[in-house]
Each structure stands twice: as C-alpha cells, then as structure tokens.
Protein chains: 2
Amino acid sequence: MVKVKRLLIALGGNAIKKANEKGTTEEQFRNVAITCKQIARLLKKLNGDDKIAITHGNGPQVGNLLIQQEECSKLVPPQNLDVICAMTQGQIGYMIQQTLQGYLKGIGGGWAKRHVISIVNQVLVSLDDPDFLNPSKPIGNFLTREEVEKLVREKGYVINPPPDKAYFDKKIAGLVIKQVMPMELTPKPFRRVVPSPEPIKNIEADAIKMLFDQGVIVIASGGGGIPVVMNEDGSLRGVFAVIDKDKASEKMAEAINATEFIILTDVEYVMLNFGKPNERPIHEMSIEEAERYLAEGHFAEGSMGPKVLACVRFLKWGGERAIISSLDKIVEAYEGKTGTHIYK
Amino acid sequence: MVKVKRLLIALGGNAIKKANEKGTTEEQFRNVAITCKQIARLLKKLNGDDKIAITHGNGPQVGNLLIQQEECSKLVPPQNLDVICAMTQGQIGYMIQQTLQGYLKGIGGGWAKRHVISIVNQVLVSLDDPDFLNPSKPIGNFLTREEVEKLVREKGYVINPPPDKAYFDKKIAGLVIKQVMPMELTPKPFRRVVPSPEPIKNIEADAIKMLFDQGVIVIASGGGGIPVVMNEDGSLRGVFAVIDKDKASEKMAEAINATEFIILTDVEYVMLNFGKPNERPIHEMSIEEAERYLAEGHFAEGSMGPKVLACVRFLKWGGERAIISSLDKIVEAYEGKTGTHIYK
C-alpha cells in the first residue's frame with residue numbers, strides 16, 4: 001500500500017500579484033490561474049487520496065489596502081492591521097478557491113470531487129516577542145526626510161518606536177518610521193516598520209486538520225495569519241503586526257501533520273553566497289548545513305532566510321521532506337529533478 | 001432521546017455596525033461583542049451537542065470599502081465587487097470568529113471545546129436573472145443631479161443601465177445610476193444600483209455541512225455570499241452583483257440541513273400594515289398567510305420582504321421552525337415568548 005501523502009504548498013506573493021503590475025482584479029485572477037495550473041500539474045502526479053493544503057503571502061494586497069484605507073481616512077475610518085489582514089485572506093482565498101475549483105474538474109483521478117475551502121485563520125503571537133520592542137518588518141515605500149516629517153506632523157507618526165511593547169497593542173499600524181539605509185546612500189532612507197513576531201500556534205489548527213483529513217483542499221494561514229495575542233481570560237485580540245508567511249506556514253504544516261512542505265518562490269534554487277560573484281545553487285542540504293548557512297548570513301533576511309528556517313523547523317518537528325523552488329518548476333522540484341531539498 | 005437541533009442564525013448589518021457609527025475597528029468589535037453575548041445566551045439554553053451556524057450581512061462594510069477603493073483609484077486599482085464581498089467575509093468573519101471563540105469558554109456544557117470557523121463562500125446566480133436587466137439593489141448615498149452628472153463625466157457612470165445582462169459581467173460595479181425618488185420630493189433622487197439576483201446554490205455547501213455535522217460553528221454565506229456565475233466548462237467567475245443576505249441564508253440553511261432558522265434584525269416583530277396607523281405586530285403566521293401578506297405588500301422590499309420570503313422558502317423546503325426577531329430578544333424569541341414565528 002502506498003502511503004498517503006500530506007502536502008503543504010506555500011505560495012509567494014508573486015503567485016498572486018507581480019511586482020510590475022498594479023494589482024487589478026483581472027491581473028490577479030490571471031496570475032492565480034497560472035498558479036493553479038501549476039498546482040493542477042502537480043495534482044496529476046499525485047494519487048487521488050493524497051491530501052494537500054495551500055497557504056499564501058499577502059504583502060502586495062496589504063500594501064494596496066493600507067494605501068486605500070489611509071488615503072481615504074477622512075471619509076471612512078481605516079481598519080486596524082489585523083482586520084486588513086483578514087480582508088486579504090478573504091480576497092486571496094476567494095481567488096485561489098474559485099480558480100482551483102475550476103482546474104480540479106480537468107484533473108481526473110477523483111480530484112474533481114475534492115472540495116476547496118478558504119479559512120479565516122488567526123495565528124497566536126506574544127507581546128513579549130522582541131520584535132514588539134524593535135519592529136523589523138518594513139512595509140510600503142521608501143521615504144525621504146521631507147515625507148517623513150510630513151507624516152510626523154500630519155498623521156502622528158513617530159521616528160523609531162518607543163521601547164514599549166504595549167505600543168503596538170494600542171496604536172494604529174505603520175505609525176513607526178525607521179531609517180533603514182544610510183543617508184549618504186539614498187535620498188529615501190526611511191520606511192515604515194511593523195513588528196513581525198514569531199508565530200506560536202495556529203489558532204484554528206484543529207478545524208483545519210479536520211477538513212484536511214477528510215480530503216478538503218484547505219487554504220489557510222494566509223499572509224502569515226491574522227496576528228492575535230491571548231488575553232488573561234484566554235480570549236484573543238488582534239495586534240498591529242505582520243507575521244512572516246513562511247514561519248507561519250510551518251506552524252500550519254504542523255497543524256495538518258504534513259509529511260511534505262513545498263515553498264514556492266521566484267527562484268528555482270536557494271543560493272549560497274547570494275548576490276556575490278561566487279554564488280551557486282544549493283541542490284540539497286542537511287538541517288545542520290542549513291543552520292550553518294543561516295548563521296553565516298548566506299540568505300537574505302525577510303526573504304530566503306525565513307524560508308530556509310521554516311524548512312529546518314519543519315524537519316526538526318518531524319516532517320519528512322522540505323523543498324524550496326519556483327512555482328513553474330513545482331512538478332520537477334517535487335520529483336527531485338530541481339529545487340533545493342533540505343533533508344534530515 | 002432529545003433530537004439534536006440544527007440552527008442557522010442570520011445576523012443583520014446592525015449586529016456589526018450601527019447606522020450612526022463610522023465603523024472603526026473598535027466600534028465594530030464592540031458591536032460584535034454585544035452580538036456574541038446574545039448568541040452565547042442562546043447557546044446556554046441549548047444542549048452541548050446541538051449544532052449552530054451563523055451568517056451575516058455586509059452592507060455597511062461593502063459601502064465603506066467601495067468608497068475607499070474608488071476614492072483612491074488613482075493610486076491603487078479598485079477591486080471588483082465580488083472581490084470586495086470576499087474581503088468583507090474575511091473582515092466580518094474574523095471579528096465574529098474571534099469574539100465568539102472568547103465567549104464559548106464561559107458557557108460550559110461542552111461549548112468551550114467547539115470550534116468556530118469562517119469560510120470564504122460563493123453563491124451561484126444566473127446571468128439570466130431579470131435583475132441583471134433591471135438592477136434593484138441601491139448602494140451608497142443618495143445623489144443630486146449635479147453629483148450624478150459629475151460621475152457620468154468623470155467616471156463613466158451611466159444613468160439607467162443598458163438592457164444587456166452582459167453589462168454587469170464586464171463592467172465595474174456601481175457604474176449604473178437610477179432615479180429612485182421623484183425629483184419634486186428630494187434634491188437627491190438618484191442612487192447607484194447593482195443587480196441583486198436570486199441565489200441558486202451555495203457553492204461550498206458540502207464542505208460547510210461537513211464542518212457543521214462535526215459540531216463546528218460555521219460562519220458562512222457572509223453578505224449573501226460572493227456572487228458567481230457558471231462558465232460553459234463548469235468553472236465559476238464572479239459578477240458585479242449583491243445577493244440578498246436573507247435569501248442566501250435560506251440556501252445555507254438548506255445546505256446544512258437546518259431544522260430551525262432564526263433571522264435577527266432591528267425589530268422584535270414583523271409588522272402588518274407596516275408604517276401605517278393600523279400597523280400591528282405579527283406573533284405568528286402560517287406559510288399561506290405570509291405569502292398573502294407578501295403579495296399584499298405589507299413588508300418593505302429589500303428589508304422585511306426578503307426575510308419573510310426566506311422563512312417561507314425554508315419551511316416549504318422542509319425546515320421546522322422559522323423566527324424573525326431582534327438580536328436582544330434571541331432567547332425569548334427562541335423560547336416562543338416573543339418574535340414573529342412562521343409555521344407550516
């Protein structure tokens with residue numbers, strides 16, 4: 001008997017909105033169609049009783065929604081960042097759900113009968129996370145000193161956050177601005193930053209697993225999940241933060257008891273010495289090698305770094321296979337012909 | 001053995017945003033807390049193995065999002081109406097899900113262990129629906145002739161729609177303006193209109209029932225569901241429309257095989273001769289009476305009308321009990337002490 005596979009596929013932001021696009025509904029559906037066509041190509045290689053779940057980024061969508069919410073703040077109150085994240089889960093979940101439902105019909109092997117469902121999904125973080133004292137996640141455009149001063153004057157932004165973790169529990173997102181580049185290098189050295197705390201637990205893990213176990217293709221943990229903290233009475237509340245999508249995906253992989261974890265991004269391979277003359281693709285690496293490379297700073301922070309880290313965590317937790325490759329190589333990477341494979 | 005109850009609770013827009021509020025995140029969470037407190041009061045009266053599902057309106061949230069999307073259209077492309085509906089499912093689903101999860105802990109009787117999950121949910125409509133030729137659902141503010149002329153000139157709006165159902169399949173929502181009041185009565189007789197086609201089928205019905213049967217408190221069909229039509233190959237696509245929340249709720253009640261359907265709104269009773277001197281509350285009415293009153297025009301279109309109609313359809317389909325009452329009377333209505341009860 002062939003063992004039933006349990007896959008989590010993590011889609012990067014470019015699977016939904018390309019960097020050079022504005023992000024109209026039509027553009028995003030077109031990209032999602034390309035993405036789902038690739039996923040369908042993989043499903044044809046799987047058995048009809050294999051299980052898959054999908055998660056996705058939301059960076060460009062949150063960016064656009066934030067602009068709309070803030071530019072229009074005189075007419076309509078902007079929603080908090082946790083609510084905006086929930087909105088993008090609805091938006092992107094809908095687009096993937098509808099499109100993949102369409103593709104399933106053409107696959108055969110029982111896939112046409114499988115349900116696809118997007119879940120509104122919260123992920124627990126802690127206000128004790130150091131990122132609440134020193135927010136690390138830049139969002140939105142680079143800014144000049146003049147633009148920053150205008151934001152400070154007109155909208156109450158502060159430059160560098162107060163060292164008080166309660167700040168992001170109370171204030172609206174994006175009110176903190178940091179200098180992220182030296183002044184002499186660029187006229188626009190400033191950017192807004194929000195905390196990016198570590199995901200602790202997928203709140204809806206049990207219900208997601210219930211669906212997954214019954215063969216439903218579950219879309220969850222979108223955009224890293226809606227960041228929530230626990231109140232003293234055990235109830236939850238949203239906070240102003242953005243959870244790293246790949247780290248949150250790994251928590252979702254644990255939640256569904258995944259055997260295989262595939263992170264899809266822009267590039268076919270993780271690179272050693274990334275951006276340097278001696279850069280070279282990594283075909284496979286052990287957990288130990290991956291950890292050493294991470295420590296040596298081979299992978300870009302907020303980009304390839306968390307992807308490799310998520311794979312390492314997945315394997316240490318008990319996962320069997322972790323792969324990082326590009327969307328258009330999904331089948332080839334799954335079959336071991338390309339992509340970066342991390343193994344125990 | 002007591003028969004397990006299967007309830008669908010349909011929440012009106014005022015359960016999430018009050019008409020006199022702007023709709024900040026804090027205001028909406030405060031309203032949702034009041035709503036969930038009432039639902040928790042009902043759950044205490046139920047048995048721990050009874051099943052409930054929740055659906056909700058999204059009128060005020062769609063209105064606010066549309067303003068943000070359109071006012072900011074030079075910076076960020078506005079999303080289509082189906083996508084905006086999906087966004088509000090994420091937004092409102094999140095708020096109800098998180099808040100109800102918190103309240104469940106205090107109820108006892110096994111409720112603390114129940115999961116609450118919001119689903120991104122599509123509802124099938126047909127482009128052959130007459131509402132695509134004559135859109136009936138007003139959205140947004142009342143407008144003067146000058147405002148209308150400006151919209152026509154600057155944004156390409158048209159006054160009265162072309163009698164072509166394909167129009168709403170292709171063009172952006174809200175481009176059609178209709179005169180909804182006589183000129184002599186008001187300086188602002190115009191409003192934007194969108195089609196409000198009949199719901200045919202809840203697309204994710206099977207997956208919703210799977211969750212519901214296992215005791216998950218499912219939040220679905222939000223805002224009447226995301227309106228979709230079927231392509232020739234059986235795949236789906238979104239259309240520019242808004243489905244009536246109560247009619248869509250009834251389809252969801254069928255999907256989960258509900259025995260009881262409770263529509264919560266602003267008023268304790270449905271009124272006969274609504275708005276007239278001889279208006280009086282209806283304590284109970286048979287299907288036949290309800291249909292006669294509907295035909296006689298006792299109930300406001302787009303308001304109490306579809307609620308009564310949804311109850312009639314539910315009972316004709318095979319439902320056992322249908323109740324219309326106000327949120328704060330949920331327990332009393334459920335116990336038969338107040339509210340309007342429609343029976344076979």
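Bear in mind the structure is a predicted one, so any value in this text is a computation, not a measurement.

### Considerations on the interface of chain A and chain B
In this complex, chain A contributes 57 residues to the contact, which on the side of chain B involves 56 residues. Buried area between chain A and chain B, summed over both chains or domains, comes out near 4,500 Å², and the portion from carbon and sulfur atoms is 62%. Three residues stand out in chain A for area buried against chain B, namely Gln68(A), Tyr94(A) and Val120(A), and they jointly supply 14% of the buried area on that side. The tally of links from chain A across to chain B stands at 0 salt bridges. Viewed at the interface, chain B and chain A are joined by 27 residue pairs in polar contact (both at pLDDT 80 or more). Contributing elements (two or more residues each) for the side of chain A that touches chain B: helix H1 (25–45), helix H2 (59–71), helix H3 (81–104), strand S3 (116–118), helix H6 (205–213), strand S11 (226–230) and strand S12 (236–238) of chain A. Ranked by residues supplied to the side of chain A that touches chain B, first place goes to H3(A) with 12 residues. Looking at the side of chain A that touches chain B residue by residue, the classes come out as 24 nonpolar, 23 polar and 10 charged.

### Let's talk about the relation of the copies chain A and chain B
Superposition record for chain A on chain B: RMSD 0.0 Å, screw rotation 180 degrees, translation along axis 0.0 Å. A rotation of that kind, with that shift, is consistent with a two-fold axis. Of all interface residues in chain A, 98% are interface residues in chain B too; the two copies therefore contact each other through one and the same surface.

### A look at the packing of H6(A) against helix H6 (residues 205–213) of chain B
It is at 11 Å that the axes of H6(A) and H6(B) come closest, and there the two elements cross at 120 degrees. Classified by the angle their axes make, H6(A) and H6(B) are oblique. At the point where H6(A) passes H6(B), the crossing takes the right-handed sense. Across the interface between the two elements, Ala207(A), Met210(A) and Leu211(A) of H6(A) pack against Ala207(B), Met210(B) and Leu211(B) of H6(B). For the contact of H6(A) with H6(B), the residue count by class is 6 nonpolar, no polar and no charged.

### Looking at the pairing of strand S1 (residues 6–11) of chain B
Residue and element names in this part refer to chain B. Counting buried positions along S1 gives 6 out of 6 residues, so the element sits mostly inside the fold. In S1, alternate side chains face the same way, and those of Arg6, Leu8 and Ala10 on one face and Leu7, Ile9 and Leu11 on the other are all buried. As defined by bridge partners, S1 adjoins strand S2 (residues 51–56) across 6 bridges and the pair is classed as parallel. The partner of leucine 7 across the bridge, within S2, is isoleucine 52. In this sheet, strand S13 (residues 260–265) lies alongside S1 in parallel orientation, the contact comprising 5 bridges. Across the sheet, the residue bridging to leucine 7 is glutamate 260, located in S13.

### Quick word on a nonpolar patch on the surface
Where nonpolar side chains cluster on the molecular surface, the patch consists of Phe142(A), Val180(A), Met181(A) and Leu185(A) and spans about 360 Å² of accessible area. Note that Phe142(A) resides in strand S5 (residues 137–143).

### Structural notes on the sheet that holds strand S18 (residues 340–343) of chain B
Residue and element names in this part refer to chain B. Reading across the sheet, the 8 strands line up as S3-S10-S2-S1-S13-S17-S18-S16 and stay open at both edges, with mixed pairing between neighbours. Unpaired on one side and paired on the other, strand S3 (116–118) and strand S16 (284–286) mark the two borders of the sheet. Averaged over all pairs of adjacent strands, the angle between strand axes in this sheet comes to 20 degrees, irrespective of strand direction. Contacts between helix H1 (residues 25–45) and the sheet are confined to S1, S2 and S13, with S1 contributing the most and set at about 160 degrees to the helix. Against the sheet, helix H8 (residues 287–296) contacts S16 and S18, and its axis sits at roughly 95 degrees relative to S16.

### Topic: the domain arrangement of chain A
Under the domain assignment used here, chain A contains domain 1 (6–125 + 198–343) and domain 2 (132–194). Here the C-alpha centroids of domain 1 of chain A and domain 2 of chain A sit 27 Å apart.

### With respect to the pattern of salt bridges
Counted according to the given criterion, the structure contains 34 salt bridges over all chains. The residue Lys45(B) makes a salt bridge to Glu335(B) at a minimum N-O spacing of 3.6 Å. On the criterion of sequence distance, the pair formed by Lys45(B) in helix H1 and Glu335(B) in the loop between helix H10 (330–334) and S18 is long-range, its members being 290 residues apart. One salt bridge in this structure joins Lys329(B) and Asp328(B), with 3.7 Å as the shortest N-O distance. The partly exposed category is assigned to Lys329(B), whose relative accessible area is 25%. If you follow the salt bridges from partner to partner, you end up with Arg6(A), Lys209(A) and Asp213(A) in one network.

### Description of the nonpolar core
Core analysis: the largest hydrophobic core is formed by 104 residues, its most contacted members being Ile52(A) and Ile52(B). Among residues more than four places away in sequence, those in contact with Ile52(A) are Leu7(A), Ile9(A), Ile39(A), Leu43(A), Leu46(A), Trp111(A), Arg114(A), Phe212(A), Val216(A), Ile217(A) and Val218(A). Formed by 74 residues, the second largest nonpolar core is a distinct cluster that contains Ile117(A), Ile342(A), Ala220(B) and Ile287(B).

### Observations concerning unusual backbone geometry
Residue and element names in this part refer to chain A. In the Ramachandran plot, asparagine 257 falls in the positive-phi region, its phi being about 60 degrees despite a non-glycine side chain. Along the polypeptide, asparagine 257 turns up in the loop between helix H7 (245–255) and strand S13 (260–265). In this model, asparagine 273 sits at a positive phi of 55 degrees, which is unusual for a non-glycine residue. Tracing the sequence through the fold places asparagine 273 in the loop between strand S14 (270–272) and strand S15 (280–282). Residue classification places asparagine 273 among the buried residues on the basis of a relative accessible area of 16%.

So, how was this worked out
Residues numbered from 1 in each chain as written. Chains lettered and ligands numbered in written order. Predicted model: local features only at pLDDT ≥ 70, side-chain atom pairs only at ≥ 80, totals over all residues. Heavy atoms only, no water. Contact = heavy atoms within 4.5 Å. Buried area = accessible area lost by both parts, 1.4 Å probe. Salt bridge = Lys/Arg side-chain N within 4 Å of Asp/Glu carboxyl O. Polar contact = N/O pair within 3.5 Å; in protein donor to acceptor, adjacent residues only side chain to side chain. Helix = DSSP H or I, 4+ residues; strand = E, 2+ residues; numbered from the N terminus. Nonpolar A, V, L, I, M, F, W, Y, C, P; charged D, E, K, R; others polar. Least-squares fit on C-alpha atoms with pLDDT ≥ 70 in both. Axes fitted to C-alpha atoms, helices over the stretch in contact; angles between N-to-C directions. Parallel < 35°, antiparallel > 145°, perpendicular 65-115°, else oblique. Left-handed = near helix turned anticlockwise from the far one by under 90°. Buried < 20%, exposed > 50% of the residue type's maximum accessible area, 1.4 Å probe, protein only. Pairing = 2+ DSSP bridges. Patch = residues over 30% accessible without salt bridge, like charges linked within 9 Å, V, L, I, M, F, W, Y side chains within 5 Å. Areas by Shrake-Rupley, 256 points an atom, 1.4 Å probe, with all protein chains shown as cover. Domains from an automatic or database assignment. Core = buried A, V, L, I, M, F, W, Y, C linked by side-chain atoms within 4.5 Å.

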